[in-house]
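# Examination of the molecular architecture
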Amino acid sequence: MRTDLFEFDLPEDRIALHPAEPRDSARMLVVDPMRSPAFQDRVVRDLADLLRPGDAMVFNDTRVIPAALDGVRVRSGVASRVSFNLLRRVDDCRWRALARPAKRLVVGDRLRFGAETDTACLMSALEATVSDKLDAGEVELAFDLSGPDLDLAIQGVGSMPLPPYIAGRRAPDARDRDTYQTIYAAREGAVAAPTAGLHFTPDLFAALDARGISRHFVTLHVGAGTFLPVKADDTADHKMHSEWGEVSAATADALNAVRARGGRIVAAGTTSLRILESAASLDGRVLAFAGDTAIFITPGYRFRAVDVLMTNFHLPRSTLFMLVSAFSGLETMKAAYAHAVASGYRFYSYGDASLLFRAEPTGEASASAPL
């Protein structure tokens, strides 16, 4: 499909720079293309009332690491500032990273992050070497530390990797360590937050429990490429970044049992949806899964596993806007986003939510999904 079909106008003042407080006070646009009217203006804390007893919510339990690193490049005794966003771990000591400015770097450059005065303290200094230069501003960094020592050092010197539409307008602060992390984050490895999950609070979980809606957890270590606009003129020419994910056998069995009893699978976020769809068989059963997925969902895809999707508002021309357009219909989602803009909804990672219902019932996939 032409990527310009997924363009829409978004005023800059609709981009949220800080989250709603409390988290579940954010607005939520309910979109159901099978009902009239198709849109309802609600708030996130209404979620339990909008679902049915016996439904199952699926959450991504990945944990965001402080993957934004600011430091200096040292070459021939001359130091210059450079910044990185870690993208994907290669092994115990190497990471792929997006560099700014990448043009200044060459293989062999030495890098230093954190305080320059205390070389003995892992929490205040970290060093690396540029071991490879890749395409699109990416480099490979070989750190002097490895394993748990490297993890500890990154925790000490890194900042939360806020998306560029936030980081370009304000610096990360100490509060982002909490607000850019879900309350149920457990497994470290993401370099971007599963942002629909940022809306959940203990009170909202209690309301879901009281309603008889079960909770289940999967993992997808979100990569920065998930949120980037598609630059190709046709979706067929876009290459998705792969991400590692897992659906346990116990979770798969529990979700299949929910479906067998007539309950619906409700994905908390596009990352939960993407790993569930990656794990689903053609007949809609969820299977155990562990590995990389590069699933790219566009209109024409027939969903196998997920019946309802809670998600934030996404960028024009992004793979995620394409996904929600596949889920609820392109024209429906364009109208929904126009309504959201006109009604003052807040967009992107720290913004408001939407609750999307399927344009069609679950059935056999009509388009293949690369794993």
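Refer to the structure printed above.
Here is what the cut-offs are and how they apply
- Residues numbered from 1 in each chain as written.
- Predicted model: local features only at pLDDT ≥ 70, side-chain atom pairs only at ≥ 80, totals over all residues.
- Heavy atoms only, no water.
- Pairing = 2+ DSSP bridges.
- Helix = DSSP H or I, 4+ residues; strand = E, 2+ residues; numbered from the N terminus.
- Axes fitted to C-alpha atoms, helices over the stretch in contact; angles between N-to-C directions.
- Buried < 20%, exposed > 50% of the residue type's maximum accessible area, 1.4 Å probe, protein only.

## Digging into the sheet that holds strand S6 (residues 78-89)
Taken in spatial order, the 6 strands of this closed barrel run S5-S6-S7-S10-S9-S8, and their pairing is antiparallel. Averaged over all pairs of adjacent strands, the angle between strand axes in this sheet comes to 45 degrees, irrespective of strand direction. In this structure, strand S8 (residues 110-114) lies alongside strand S9 (residues 125-133), joined through 5 bridges in antiparallel fashion. Within S9, the position partnered with Leu 111 by the bridge is Ala 128.

## Quick look at unusual backbone geometry
That bond from Glu 21 to Pro 22 is cis: its omega, -10 degrees, falls within 30 degrees of zero. Looking at where Pro 22 falls in the secondary structure, it is placed in the segment before strand S1 (27-31). For the bond running from Arg 100 to Pro 101, omega is -5 degrees, close enough to zero to count as cis. Locating Pro 101 in the fold gives a position in the loop between strand S7 (94-100) and S8. The residue Arg 317 is not glycine, and still its phi comes out positive at about 65 degrees. As for its position among the elements, Arg 317 is in the loop between strand S16 (308-312) and helix H8 (319-328). Look at Tyr 348: it is not a glycine, yet its phi comes out positive at around 75 degrees. Tracing the sequence through the fold places Tyr 348 in the loop between helix H9 (330-342) and strand S17 (353-357). On the basis of relative accessibility, which here comes to 6%, the residue Tyr 348 falls in the buried class.

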